[in-house]
Amino acid sequence: MANLEHSVKVETDRPCMPDFCICCGAPATDSYRPESPGRMKGMPQPDEPLAYPYCAACKVHLRAAQDRKTANLVAINFAIWGVGLPLAVGLPLVSLVVGPTIGGLMYVRNRRSNLQTTDECSTEGVAARVSWLRKHTYEFSFTRKETAEAFVELNRDSLTDR
Ligand SMILES: [Zn+2]
Ligand SMILES: [Zn+2]
């Protein structure tokens, strides 16, 4: 799990993002839109969806990390159904090991896949997380200290510790 230890709370619907990659600090040439934080029904959505600045290289490993997460879920499901299905249809006991074995192999292969992070990268996966606290109050968590510092600088007027 990525270490999202640098948290900043802001009270705004338009948080400013730095113009460099939030993962490694290289000039941002791309962006990544996270899923919007959950809101209670009836609450207004932000005018503009959030987008995190990313460099092209980091967008690649971010995608790969997310794909790997999905692939691991598939592997785990395979392991579970590999046990449940033969039992349900009354196949011989030996078939019980097939599903988990395949699931396990898939999991190991996923773990080994190269995510192509650089030494500058602060995480393999997404380098920021946002949680919605109140109507216009968000808490941003960053893996990279410099990103959090730049974010504080850019959003100084909206900072809140309430
Ligand atoms: Zn980057
Ligand atoms: Zn990166």
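Refer to the structure above for everything that follows.
Asks: Describe the coordination of the zinc ion (ligand 2), and please don't skip the residues or the numbers.
Replies: On the protein side, the zinc ion (ligand 2) has Cys23 (SG), Cys58 (SG), His61 (NE2) and Cys121 (SG) as donor atoms, found 2.1 to 2.4 Å from it. Coordination at the zinc ion (ligand 2) is tetrahedral: its four donor atoms span angles of 105 to 114° at the metal. Sequence positions of the residues that donate to the zinc ion (ligand 2) give the spacing C-x34-C-x2-H-x59-C. For the pair the zinc ion (ligand 2) and the zinc ion (ligand 1), the metal-to-metal distance amounts to 4.2 Å, and cysteine 58 bridges them. Separated by 38 residues along the polypeptide, cysteine 23 in the loop between strand 1 (6-11) and strand 2 (30-32) and histidine 61 in helix 1 (residues 56-89) bring together distant segments of the chain. Histidine 61 matches cysteine 23 in its accessibility class, with the two residues each being buried.

Asks: A description of the packing of aromatic side chains should follow, citing residues and the corresponding values.
Replies: Here the structure, examined in full by the defined rule, presents six aromatic pairs. Consider the rings of tyrosine 32 and tyrosine 52, whose centres lie 6.5 Å apart with planes at 35°: the pair is tilted. Of this pair, tyrosine 32 sits in strand 2 while tyrosine 52 sits in strand 3 (residues 52-54), placing them 20 residues apart in sequence. The same class applies to tyrosine 32 as to tyrosine 52, namely buried. Each ring, one from tyrosine 138 and one from phenylalanine 140, has its centre 6.1 Å from the other, and the planes form 45°; the classification is tilted. Neither tyrosine 138 nor phenylalanine 140 differs from the other in exposure class; each is buried. What links up through ring pairs into an aromatic cluster is the set Tyr138, Phe140, Phe142 and Phe151.

Asks: Give a description of the coordination of the zinc ion (ligand 1) that names residues and reports values.
Replies: Surrounding the zinc ion (ligand 1) are the protein donor atoms Cys21 (SG), Cys24 (SG), Cys55 (SG) and Cys58 (SG), which sit 2.3 to 2.4 Å from the metal. Angles of 101 to 114° at the metal separate the four donor atoms of the zinc ion (ligand 1), which places the site in the tetrahedral class. Read in sequence order, the donor residues coordinating the zinc ion (ligand 1) give the pattern C-x2-C-x30-C-x2-C.

Asks: Which residues make up the pattern of salt bridges, and what values do they have?
Replies: Scanning all chains against the criterion turns up four salt bridges. Linking glutamate 124 and arginine 68 is a salt bridge whose minimum nitrogen-to-oxygen distance equals 2.9 Å. Of the two residues, glutamate 124 sits in the loop between helix 2 (98-112) and strand 4 (128-134) while arginine 68 sits in helix 1, which places them 56 residues apart along the sequence. Residue classification places glutamate 124 among the partly exposed positions, given a relative accessible area of 36%.

Asks: Break down the side chain of threonine 123 for me, citing the residues and quoting the values.
Replies: Following the sequence through the fold, threonine 123 ends up in the loop between helix 2 and strand 4. For threonine 123, the side chain forms a polar contact with the main-chain nitrogen of glycine 125, separated by 3.3 Å.

Scoring rules and cut-offs
- Residues numbered from 1 in each chain as written.
- Chains lettered and ligands numbered in written order.
- Predicted model: local features only at pLDDT ≥ 70, side-chain atom pairs only at ≥ 80, totals over all residues.
- Heavy atoms only, no water.
- Donors = N, O, S within 2.8 Å, 3.2 Å for Na, K, Ca; no water.
- Tetrahedral: all angles 85-135°; square planar, octahedral: opposite > 155°, others 65-115°.
- Helix = DSSP H or I, 4+ residues; strand = E, 2+ residues; numbered from the N terminus.
- Buried < 20%, exposed > 50% of the residue type's maximum accessible area, 1.4 Å probe, protein only.
- Phe/Tyr/Trp six-rings, centres within 6.5 Å; stacked < 30°, edge-to-face > 60°.
- Salt bridge = Lys/Arg side-chain N within 4 Å of Asp/Glu carboxyl O.
- Polar contact = N/O pair within 3.5 Å; in protein donor to acceptor, adjacent residues only side chain to side chain.

Read these as layout, nothing more, since geometry by itself doesn't imply function.
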